[in-house]
Amino acid sequence: MFSSLKIGLVLVMLAGAGGGYLYVNKLQKDNAVLKTNQIKLETAVQESNQVIEQQTKDLKKIRSTIKQIEEVNAKLQADRDALNKRLGKQTMIRIGLVWTGNPDHTNDHNRSLLLKQFSSLLALPFEFHSLQKDLREVDAQTLIDFPDLYQHQDELQDFSDTAALIDAMDIIISVDTSVAHLVGAMEKKLWLLLPYLPDFRWMLDREDSPWYPSAKLYRQEKINDWDTVLEKLKADLLKLKN
């Protein structure tokens, strides 16, 4: 009997020890889960702080950009007001003219014209304005033959001045220069003169541009054949008078 009681006590003690082990094991697992969740929470907080910090930086940039846009718009409006005052009341169609680009451009000899080549157009009953910031010597000598071509070189200090002048025009006739792209971006009517082999952006065999819906393209049919291009241009100008 004593032996049976002793064996029973031993079994009870073993059972208690096993239960304690299971309890400790559960606590260890719970602590591991809590630690993992704590790490996840700390990581989430850190990522949130980084997002907030980046959003704060972006907001500052946006505010700075908005301020710059407002300043540019204010300058453009001031330029328009000053220009309209200088130009006076409009009595006929105003046409802006750009006949040369940067002489250092590798393809400038194909894209640019001489002012004298526009003599038949400048004789038409329109108000022509030069949008050229710089004049080549050969064209400066020709200006005496075109006293009715308005000059604005002194007023064109930057692109905002050019944009204001473009905005005052009804049509811009231009060769392939940065001014042409500015006109297209402003969605003003652009009549673009292109050489036989134009820049790839103007594609081939089409009179319109997917980049600038307000543009009409006048292409050379043969290399160096600007006469045909200018004849088409003149015919379209005359249609405006009819």
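Please refer to the structure higher up on the page.
Now for a quick tour of the structure.

1. A look at the pattern of salt bridges
Here's step 1: Using the criterion set out here, one finds 8 salt bridges in the structure.
Here's step 2: Here R111 makes a salt bridge to D108, at a shortest N to O gap of 3.1 Å. Of this pair, R111 and D108 both sit in helix α2 (residues 108-111), separated by 3 residues, roughly a single helical turn.
Here's step 3: Given a relative accessible area of 5%, D108 falls into the buried group.
Here's step 4: Several salt bridges share partner residues, and in doing so they unite D108, R111 and R136 into one network.

2. What to know about the side chain of Q220
Here's step 1: Mapping Q220 onto the fold places it in the loop between β5 (215-219) and α7 (226-241).
Here's step 2: At 3.0 Å, the side chain of Q220 forms a polar contact with the backbone nitrogen of Y196.
Here's step 3: In terms of polar contacts, Q220 uses its side chain to reach the backbone amide nitrogen of N224, at 3.1 Å.
Here's step 4: Not counting the four nearest positions on each side in its chain, Q220 is found in contact with L194, P195, Y196, D225, W226 and V229.

Rules used in this analysis
- Residues numbered from 1 in each chain as written.
- Predicted model: local features only at pLDDT ≥ 70, side-chain atom pairs only at ≥ 80, totals over all residues.
- Heavy atoms only, no water.
- Salt bridge = Lys/Arg side-chain N within 4 Å of Asp/Glu carboxyl O.
- Helix = DSSP H or I, 4+ residues; strand = E, 2+ residues; numbered from the N terminus.
- Buried < 20%, exposed > 50% of the residue type's maximum accessible area, 1.4 Å probe, protein only.
- Polar contact = N/O pair within 3.5 Å; in protein donor to acceptor, adjacent residues only side chain to side chain.
- Contact = heavy atoms within 4.5 Å.

Function cannot be inferred from these measures alone, as they are strictly geometric.
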